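Working through the structure, step by step
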Amino acid sequence: MKTTIRTQLTQTVNLTPQLLQSIRLLQLTAPQLEMELLQALELNPMLEHDESDEAGETDATAEQTEGDDAALEAAAWDELPEPMFNSTGSGSGSADGDSDATARIAAGSSSDPRVRLLQELALNWNMEDLRVAQWWLDQCDDRGYLEHPLAELIVAGASALDVSREDMTTTRLRLLNGPWPGMAAADATECLLAQLAQQRAAIQRTPGDTATTRDALADCAVAERILSGHIELLAGHNYAALATKLKVGRDAVERATALILTLRPTAIEEPADAVASYIVPDVVVRFIGGEWRVALNSRAAPRIRIAAHCERALAGASGDQSVLRGLLDEARWLVRGVAMRNDTLLRTAQVLAERQRGFLERGDEAIAPLTLREVADAIGMHESTVSRITTGKYIQTPRGTVELKRLFAVRLEGAAVSGAAVKAMVKRMIDSEPRHAPLADDTIAGMLERQGVRIARRTVAKYRDQLCIGPARSRQRPASPTITG
């Protein structure tokens, strides 16, 4: 047997952590990106919220839109229900001495999270506890965190409400570990620990002592130790150092980290119907200066940047600063990745707006055939990148807010129009048909052929089924009676 050595050249793609992060950011929806950035702002001190003027809002139309939105938001705040208790804590503040805890809470779901939480608490808490809870909620910011040091608030609250400091502390802990775990937390660590405690309690209530339950409780214990004393190592993804500090295996640290990442960075819960009732568009298209222009929606996600003062302080620091430098590198990767995502989203949306100008001006019947490859070639990227950046992203148009994926359309075989446009034509014809004489599928096919679109009867039937429209015989209605004078 003879042994030989051969040299062979191959090309491979090395997926670095930075590249993997960029790919993941591409496919995040607006709510997911917002959650990602808020969590990064909490865990990485090298990042800060960028409150400078938002890009793409320099034209007069955008400024007018922003002013209108601000006016609408102010009007909405003016319509919020009266708080249950006044700020001095002297009872309910009702002129007639109404003592019913639920009488002052507006019916339905309020846009104020404090009111929604009080609605839940009023079902089980007594009047005095609700009064103290109201005071604590008034000291929280929009994330549910206390705006001032805890010790100062306990003293101030006890004096304002004429209750003991122990009662103030007890009520806050009930809020912290209540239906919205983490509410009235002093900081992000306390908020996450409260959520973790509720998860551990839920696991302990599971019947039976199985190996899965024991492993889950062990992961909770490791996660609690990480949050309690080693959050800086967690922010730096230094799993080896965490394993050494906690004297556990690296796999245990990774499982605990995955558990921590499932927790919410804030305690505020949005009502389920509020999430489903509206969609925040990622990009907005406007007709300006004779052309369609696309801009990012600045309200879709917070803008972040490197904290300049932290960067300068680290540049002049001496000694071992490996952890902080790791956090700085991570912050730079994230900022760069978000910028690349936004640039790719803008370029893709601009090409879609240019290619689907007919849809923007005339509606669904003017949707042109367009494929992922055509857009990818136009922006100089791969089809998979275009697919990721358009999945779950929405664009605000004069025709409504639609998913970017909807602007892609398959060319109808043997025709110069898209199947989506033909489907819209079929719907228009059926919507305008006589009630007593609905159009049969072959009749619709003939009408489309006279407009230059040749399709088979079975294709009309397929589109009709996709539109959830029944056949002609099921759509027939008696003619309206003629009224004679």
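Residues numbered from 1 in each chain as written. Predicted model: local features only at pLDDT ≥ 70, side-chain atom pairs only at ≥ 80, totals over all residues. Heavy atoms only, no water.

Concerning the side chain of Thr257
The condition that has to hold: Helix numbers and strand numbers start at the N terminus; a helix is a DSSP run of H or I with at least 4 residues, a strand a run of E with at least 2. Think of it in three bands: with a 1.4 Å probe and only protein chains considered, a residue is buried below 20% of the maximum accessible area for its type, exposed above 50%, and partly exposed in between. Residue contacts are counted whenever heavy atoms from the two residues lie within 4.5 Å of one another.
By secondary structure assignment, the location of Thr257 is in helix H12 (residues 250-261). Since its relative accessible area comes to 4%, Thr257 is described here as buried. Setting aside residues no more than four positions away along its own chain, Thr257 makes contact with Leu234 and Tyr239.

Focus: the nonpolar core
The line we're drawing: We call a set of buried Ala, Val, Leu, Ile, Met, Phe, Trp, Tyr and Cys residues a nonpolar core when their side-chain atoms join them within 4.5 Å.
Of all hydrophobic cores here, the largest spans 31 residues; its most connected members are Leu117, Leu121, Trp136, Met168, Leu175 and Met183. Taken together, the elements giving at least two residues each to this core come down to helix H4 (113-121), helix H5 (127-138), helix H6 (150-161), helix H7 (165-176) and helix H8 (188-204). Among the elements that take part in this core, H5 stands out by supplying six residues, more than any other. In this structure Leu121 touches Leu130, Ala133, Leu175 and Pro179, once residues within four positions along its chain are discounted.

Focus: unusual backbone geometry
A positive phi angle, near 60 degrees, is found at Asp162, a position not held by glycine. Along the polypeptide, Asp162 turns up in the loop between H6 and H7. Overall, the relative accessible area of 71% leaves Asp162 in the exposed class. Even without a glycine there, the phi angle at Ala184 is positive, about 65 degrees. Among the secondary structure elements, Ala184 is positioned in the loop between H7 and H8. With relative accessibility at 0%, the residue Ala184 sits in the buried group.

Comments concerning the environment of Ile260
Structurally, the position occupied by Ile260 is in helix H12. As for Ile260 and Gln195, which are separated by 65 residues in sequence, their C-alpha atoms are 9.5 Å apart. Discounting residues that sit within four places of it in the chain, Ile260 has contacts with Gln39, Ala223, Ile226, Leu227 and Leu234.

Notes on the packing of aromatic side chains
Our working definition: Under the pairing criterion, centres of Phe, Tyr and Trp rings, with the six-membered ring standing for Trp, must be within 6.5 Å; the plane angle then separates stacked pairs below 30 degrees from edge-to-face pairs above 60, leaving the rest tilted. Over a ring means this: the NZ of a Lys or the CZ of an Arg is within 6 Å of the ring centre and within 35 degrees of the ring normal.
In the structure shown here, the tally under the stated rule is two aromatic pairs. On the basis of an interplanar angle of 80 degrees and a centroid distance of 5.5 Å, the ring pair of Trp135 and Trp136 is categorised as edge-to-face. Of the two residues, Trp135 and Trp136, neither departs from the other in class, the shared state being buried. The positively charged end of Arg174 is found above the aromatic ring belonging to Trp125, 3.9 Å away from the centroid.

Re the confidence of the model for the protein
Regions with low pLDDT should not have their predicted coordinates read in detail. Spelled out, the test is: Confidence of the predictor at the level of single residues is captured by pLDDT, which takes values from 0 to 100.
When pLDDT is averaged along the protein, the result is 77; 79% of the residues meet or exceed 70. Averaged pLDDT values for the elements of the protein fall to 38 in helix H3 (residues 60-78) and rise to 93 in H7. Throughout residues 54-109 the model reports pLDDT below 50, and contacts reaching past four residues in sequence, or to other chains, amount to 68 contacts. Residue range residues 272-277 is modelled with pLDDT below 50. Its contacts to residues more than four positions away, or to other chains, number one contact.

Considerations on the packing of helix H9 (residues 211-229) against H12
Keep this limit in mind: Angles here are taken between N-to-C directions and fall from 0 to 180 degrees, while the axes themselves are lines fitted to C-alpha atoms, restricted in helices to the stretch in contact. Just so you know how the angles are binned, under 35 degrees is roughly parallel, over 145 roughly antiparallel, 65 to 115 roughly perpendicular, and the rest oblique. In this count, Pro and Cys sit with the nonpolar residues alongside Ala, Val, Leu, Ile, Met, Phe, Trp and Tyr, while Asp, Glu, Lys and Arg are called charged and the others, Gly among them, polar.
Viewed as axis vectors pointing N to C, H9 and H12 meet at an angle of 75 degrees, and their least axial separation amounts to 8 Å. By the angle class used here, H9 and H12 are roughly perpendicular. Contacts from Asp219, Cys220, Val222, Ala223, Ile226 and Leu227 of H9 reach H12 at Ala252, Arg255, Ala256, Leu259 and Ile260. Looking at side-chain class alone, the contact of H9 with H12 contains nine nonpolar, no polar and two charged residues.

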